[in-house]
Amino acid sequence: MREFFKYHFNKIREINRKYAKPRATMTKGTGLALLILRVYLIILMGILFFKFITILKG
Amino acid sequence: MQEEIKAKVLAGGARRYGIGVIPRLYYYYRRVAKWLAIFLAISGPGIIVMVADNDAGGITTYAVTGARYGYGLIWFLILLGPVAYYIQEMTVRLGAVTKRGHAEAIFESFGIFWGWFSLCDLVLIDWLTLVTEFIGMTAALSIFHIPPFVTVIIVSVVMSIMVLQGRYWTWEKIALLFCGVNLIYIPCAFIVHPSVSGVMQGALIPGFPGGLNSDIFFFLMANIGTTIAPWMIFFQQSAVVDKGMDEKDIPFGKVDTFVGAMFTVLLAAFVIIVTGTVLKGVPIESADQASRALIGVHKYLGTFLAIGLFDAGFLGAICISLATSWAFGEIFGWAHSLNNKIKEAPWFYGSYFIAVITAGMVVLIPGAPLVMITLFVQVIAVTLLPAVLVFLTLLLNDAELMGEYKNTLFQNTISVMIVVTIITLSTLYAVSLLFPNAFK
């Protein structure tokens, strides 16, 4: 079991190293699209969190 | 090649000297036959992903839409066909040019944050959707008095055999066979004798039965949600790669996707025609409920609809579980082809079996919150769909990556319009699911 987790944690570290530097050129358009996406996801997560709290309180 | 030149000369000569209609016809026949042979060899991923898109959740949405609004929203589904084609066509180009799956493309181009976000979200959505497919399949077979545990076992065994035979080609042909079973909705529509003028009116004249209110808006968004799903993008790109499609195969891949899109719209319309004819105004909440109601109307109708629902769930299940395993394999560097034997790709097949077995087991848990899971799938899908669509558009604009196959200005204009519309509507749909009174 320990070996299993060790193998996979190492694998994840290896993946993080392999893809650490994004290949896509960060043009203004790309940067803006990714920024909007981040904001969108933060808002969406906020709504989901709010709903979760509402359910818990209800 | 030499034969082709000979045939061209023959055809040209025939035209020039006004002789040999038969050789000219023979030349055209040979051209069409050759094109068709190549198309049949290359087609598969597009048709499968599009027909599988009409999964158990999709059939339920169409059945309920028909029961609620009759033929009134068929036009909207016809509009969704080109939209689905447009998105999936981009995955064909991306897969054929880069020879990488979508998960790997995101990791490589946008880094680990977006990569892990997409992978984890995909795994969660796929697994939950897989549960809903099992819900659909067990509900469909319960109409034939088959207990859920028998359905789960049989489906898991068949799904395992399909991938373990060791060839992508065989898997694809079996999947296409199941796609053919989906055609069962066509005789259903003829059995109910729909009003042809009513169907034509619903298909050709856009309108909102009862006006554009929050209820119909909910249905429009639900139909979008079932037509464009994140797993489809991951699945088709990985299938294109696993099949070994190349740049030269892109035109065939596009036709394959186009044919699939036509099928998906046609079959969805037929489901709506069936329930719109027989069950209009009946409060139907699911496809299996519609099947039960239809059994009382005609001895084959309900049975056919139940078979179709099972087939839809099965097709969805085989594609969704593979989409996850392919994505894992790409990122973790495991062997991840259906052409690999189980010994060569244990992690790939292992993740596939774990997904199938655990999803099947959830359905068997007494009192499991299955309705909640179904709703949750639709909500959580909205967190991945915009990201995937944005990444797809950005990747298709990467000149270094795509070369001559990058999006043109015209393609980008349409693509951006589709992406913005889908993101807006699917977000509103998720909000309306979370807060049912938000738009009332």
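Because the structure is a prediction, the values reported are computed rather than measured.

1. Some remarks on the overall build of chain B
For chain B, the count of helices and strands is 19 helices and zero strands. What you see for chain B is a C-alpha radius of gyration of 23 Å, in line with the 22 Å of a compact globule of 440 residues. Overall, chain B is about 70 × 55 × 40 Å in size when its C-alpha atoms are taken along their principal axes. Per-residue burial over chain B gives 58% buried out of 440 residues. With the model as given, the accessible surface of chain B reaches about 17900 Å², and the carbon-plus-sulfur share is 72%. Considering chain B, the positive charge centre built from 24 side chains and the negative charge centre built from 25 side chains are found 12 Å apart.

2. Brief notes about the overall build of chain A
For chain A, the count of helices and strands is two helices and zero strands. In terms of overall size, chain A is more extended than a compact globule, its C-alpha atoms giving a radius of gyration of 19 Å where 58 residues would be expected to give roughly 10 Å. Dimensions along the principal axes, computed over C-alpha positions, put chain A at roughly 45 × 45 × 5 Å. When burial is assessed residue by residue, chain A has 21% of its 58 residues classed as buried.

3. Let's talk about the pattern of salt bridges
Residue and element names in this part refer to chain B. The tally for this structure, following the rule as stated, stands at twelve salt bridges over all chains. Among the salt bridges present, the one from Glu 89 reaches Lys 254, with a minimum N-O distance of 3.5 Å. Taken together, the residues span a long stretch of sequence, with Glu 89 in helix 5 (residues 74-98) and Lys 254 in helix 13 (residues 250-278) at a distance of 165 residues. Accessibility expressed as a relative area gives 3% for Glu 89, which makes it buried. A salt bridge links Glu 247 to Lys 99; its shortest N-O distance comes to 3.4 Å. Here Glu 247, found in the loop between helix 12 (230-243) and helix 13, pairs with Lys 99, found in the loop between helix 5 and helix 6 (102-142); they are 148 residues apart in sequence, far enough to count as distant. Take Glu 247: its relative accessible area is 27%, and that puts it in the partly exposed class.

4. Regarding the nonpolar core
The biggest cluster of nonpolar side chains holds 163 residues, and the ones touching the most others in it are Trp 171 and Phe 235 of chain B. For this core, the element with the most residues is helix 6 of chain B, which contributes 18 residues.

5. So, the side chain of Ser 118 of chain B
Residues and elements named next belong to chain B. Mapping Ser 118 onto the fold places it in helix 6. Assessed through its relative accessible area of 1%, Ser 118 is described here as buried. With sequence-adjacent residues up to four places away left out, Ser 118 is seen in contact with Ile 106, Phe 234, Leu 384 and Phe 391.

6. Section: a nonpolar patch on the surface
On the surface, Met 1, Phe 4, Phe 5, Tyr 7 and Phe 9 of chain A together with Trp 347 of chain B cluster together into a nonpolar patch covering about 670 Å² of accessible area. One can find Met 1 of chain A in the segment before helix 1 (2-18). Residue class for Met 1 of chain A comes out exposed when judged on its relative accessible area of 74%.

7. Quick look at the interface of chain A and chain B
It is common to give the size of an interface as the accessible area lost on bringing the parts into contact. The interface of chain A with chain B comprises 25 residues on the first partner and 32 residues on the second. In total, about 2800 Å² of surface goes out of reach between chain A and chain B, with carbon and sulfur atoms giving 73% of it. Viewed at the interface, chain B and chain A are joined by three salt bridges. Here Arg 23 of chain A and Asp 398 of chain B are joined by a salt bridge, their closest N and O atoms 2.6 Å apart. Counting residues per element, the ones that place at least two in the side of chain A that touches chain B are helix 1 and helix 2 (28-57) of chain A. Examining the composition of the side of chain A that touches chain B, we find that 13 residues originate from one element, helix 2 of chain A, more than from any other. Among the residues forming the side of chain A that touches chain B, the class breakdown is 17 nonpolar, three polar and five charged.

8. Here's the deal with the packing of aromatic side chains
This model, assessed by the stated rule, comprises 33 aromatic pairs over all chains. Where Tyr 19 of chain A meets Phe 107 of chain B, the ring centres are 5.1 Å apart and the plane angle is 50 degrees; that geometry is what we call tilted. Of this pair, Tyr 19 of chain A sits in the loop between helix 1 and helix 2 while Phe 107 of chain B sits in helix 6, placing the two residues on different chains. The pair Tyr 19 of chain A / Phe 107 of chain B is uniform in exposure class, with both members buried. In this structure an aromatic cluster arises from ring pairing among Phe 4, Phe 5, Tyr 7, Phe 9 and Tyr 19 of chain A together with Phe 107, Trp 116, Phe 328, Phe 332, Trp 334 and Trp 347 of chain B.

9. Focus on the packing of helix 3 (residues 45-53) of chain B against helix 8 (residues 168-181) of chain B
All names here are of chain B. At a closest axis distance of 10 Å, the pairing of helix 3 and helix 8 adopts a crossing angle of 45 degrees. For the element pair helix 3 / helix 8, the angle class is oblique. Classified by chirality, the crossing of helix 8 by helix 3 is left-handed. Here Pro 45, Ile 47, Ile 48 and Val 51 of helix 3 lie close against helix 8, whose contacting residues are Tyr 168, Trp 171, Glu 172, Ala 175, Leu 176 and Cys 179.

10. Description of the packing of helix 14 (residues 287-295) of chain B against helix 15 (residues 301-332) of chain B
Residue and element names in this part refer to chain B. One way to put it is that helix 14 packs onto helix 15 with a least axis distance of 7 Å and a crossing angle of 160 degrees. Compared by their axis directions, helix 14 and helix 15 come out roughly antiparallel. Judged by the twist between their axes, the crossing of helix 14 over helix 15 is left-handed. Residue-level inspection shows Ala 287, Asp 288, Ala 290, Ser 291, Leu 294 and Ile 295 of helix 14 in contact with helix 15, the latter providing Leu 301, Gly 302, Thr 303, Leu 305, Ala 306 and Leu 309.

11. Topic: the confidence of the model for chain B
Looking at chain B as a whole, its pLDDT mean stands at 86, while 95% of the residues score no less than 70. Across the interfaces of the predicted complex, the ipTM metric reaches 0.88, alongside a pTM of 0.87.

12. Quick notes on the state of the cysteines
Residues and elements named next belong to chain B. According to the stated counting rule, one finds zero disulfides over all chains in the structure shown. Of the cysteine sulfurs around Cys 188, a residue in no disulfide, the closest is that of Cys 179, at 17 Å. Cys 188 sits in the buried class, given a relative accessible area of 0%.

So, how was this worked out
- Residues numbered from 1 in each chain as written.
- Chains lettered and ligands numbered in written order.
- Predicted model: local features only at pLDDT ≥ 70, side-chain atom pairs only at ≥ 80, totals over all residues.
- Heavy atoms only, no water.
- Helix = DSSP H or I, 4+ residues; strand = E, 2+ residues; numbered from the N terminus.
- Rg over C-alpha atoms; globule rule 2.2 N^0.38 Å.
- Buried < 20%, exposed > 50% of the residue type's maximum accessible area, 1.4 Å probe, protein only.
- Areas by Shrake-Rupley, 256 points an atom, 1.4 Å probe, with all protein chains shown as cover.
- Lys, Arg positive; Asp, Glu negative; His and termini not counted.
- Charge placed at Lys NZ, Arg CZ, Asp CG, Glu CD.
- Salt bridge = Lys/Arg side-chain N within 4 Å of Asp/Glu carboxyl O.
- Core = buried A, V, L, I, M, F, W, Y, C linked by side-chain atoms within 4.5 Å.
- Contact = heavy atoms within 4.5 Å.
- Patch = residues over 30% accessible without salt bridge, like charges linked within 9 Å, V, L, I, M, F, W, Y side chains within 5 Å.
- Buried area = accessible area lost by both parts, 1.4 Å probe.
- Nonpolar A, V, L, I, M, F, W, Y, C, P; charged D, E, K, R; others polar.
- Phe/Tyr/Trp six-rings, centres within 6.5 Å; stacked < 30°, edge-to-face > 60°.
- Axes fitted to C-alpha atoms, helices over the stretch in contact; angles between N-to-C directions.
- Parallel < 35°, antiparallel > 145°, perpendicular 65-115°, else oblique.
- Left-handed = near helix turned anticlockwise from the far one by under 90°.
- pLDDT = per-residue confidence, 0-100.
- Disulfide = S-S within 2.5 Å.

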